[in-house]
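# What the coordinates show
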Amino acid sequence: MDVAIIRFPGSNCDRDVHHALEIAGANPDYVWWNQRDLSSFDAVVIPGGFSYGDYLRAGAIAAITPVIEGIKETVKEKKPVLGICNGAQILAEIGLVPGVFTNNSNAKFICKWTDLRVKTTRTPFTSMYDKNEIIKMPIAHAEGRYYDDEIEKLQDQDQIVLAFADENPNGSLEAVTGVCDEEGLVCAVMPHPERASENILGSDDGLKFFKGIVNY
Amino acid sequence: MKYNAEVKISLKKGMLNPEAATIERALALLKYNVKNTDTIQIIKFSLEGENAEVVRREIDEMCQRLLCNPVIHNYEIGISLED
């Protein structure tokens, strides 16, 4: 399973994701933002960070780079695409997942461990969890408050992937912090599964996100 | 023709604006009692174009493709001929 890890100027979780993918048994490789062709890869992960300094809005500038064409092709070929944190913001900016991740309600950068509920297991990334399972992963963002005009539609179509299980730290609508496209193959999550991929980090609850890619 | 352009980007009505809420609370700390605080982002640039209508259409496209997120933003475009 060859997995592309997309790098933009300002990405900073790329090596963590590489490490987690290796533990999961995948064969990851880095891809720079100006590469248009991703056809040799079986899956794509957009890692977290602060691409282009979060100028304009988090993810807005990364969303118009050449590699996005390759990511859109990957989606057309029915291969899994996962965006984590800044990667999630980028996927929302492109419109590959619905809604937007915007400024936290308390206007602060929040970095903490959170309990999360797995709302659907139909995506490759959540296929190894139980529905409604509570898992522990950290968040680290200033623009993570999820908003969408049509949240009921997402609920009806089983497009909500993760929700905060107790406290809703950033004010997200319905405590949503992970969504997918209609097919369930493009998934955007604000929490960091790669930072919860080994017990030494405090939890290995996130590793199944990457194992799920390998099993797909 | 050379035009000066100004794009005013604001949050749609009803959208939470944490920055504005923080400013309002900070003003309250200084004993200023204000309501309905809002923040608006302004992006300014100049550009060449055949006429005002063409320029406005081009800027509208910029707003749709990059400058704004249509899920949460409204925008206003102002243009004037450069002296």
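Summary of the structure given here. (Residues numbered from 1 in each chain as written. Chains lettered and ligands numbered in written order. Predicted model: local features only at pLDDT ≥ 70, side-chain atom pairs only at ≥ 80, totals over all residues.)

## A closer look at the pairing of strand 2 (residues 27–32) of chain A
Residue and element names in this part refer to chain A. Looking at chain direction, strand 1 (residues 2–7) and strand 2 are connected through six bridges and run parallel. Following the sheet pairing, Ile5 is matched in strand 2 by Tyr30. Since strand 1 and strand 2 lie parallel, the crossover through helix 1 (residues 14–24) that links them has a hand, and here it is right-handed. (Pairing = 2+ DSSP bridges. Helix = DSSP H or I, 4+ residues; strand = E, 2+ residues; numbered from the N terminus. Right-handed = clockwise from strand over helix to strand, strands pointing away.)

## Points about the nonpolar core
If you look at the biggest cluster of nonpolar residues, it comprises 69 residues, and the most contacted ones within it are Val3, Val44, Ala88 and Leu91 of chain A. With five residues, the single largest contributor to this core is helix 3 (residues 86–94) of chain A. Discounting chain neighbours no more than four positions away, the residues touching Val3 of chain A are Leu21, Ala26, Asn27, Pro28, Phe41, Asp42, Ala43, Val45 and Ile213 of chain A. The next biggest cluster of nonpolar side chains, apart from the first, holds eight residues, and it includes Ile9, Ile59, Leu67 and Cys68 of chain B. (Core = buried A, V, L, I, M, F, W, Y, C linked by C-beta atoms within 7 Å. Buried ≥ 20, exposed ≤ 12 C-beta atoms within 10 Å, placed from the backbone. Contact = placed C-beta atoms within 7 Å.)

## Regarding the sheet that holds strand 11 (residues 186–189) of chain A
All names here are of chain A. Taken in spatial order, the nine strands make up an open sheet running 2-1-3-4-11-10-9-6-7, and their pairing is mixed. The strands lining the two open edges of the sheet, one partner per strand, are strand 2 and strand 7 (134–141). Neighbour to neighbour, the strand axes of the sheet diverge by 25 degrees on average, direction disregarded. Looking at chain direction, strand 3 (residues 43–46) and strand 4 (residues 81–84) are connected through three bridges and run parallel. Residue pairing across strands places Ile46 opposite Gly83, the latter belonging to strand 4. Sitting on the sheet, helix 1 is in contact with strand 1, strand 2 and strand 3, with an inclination near 170 degrees to strand 1. (Axes fitted to C-alpha atoms, helices over the stretch in contact; angles between N-to-C directions.)

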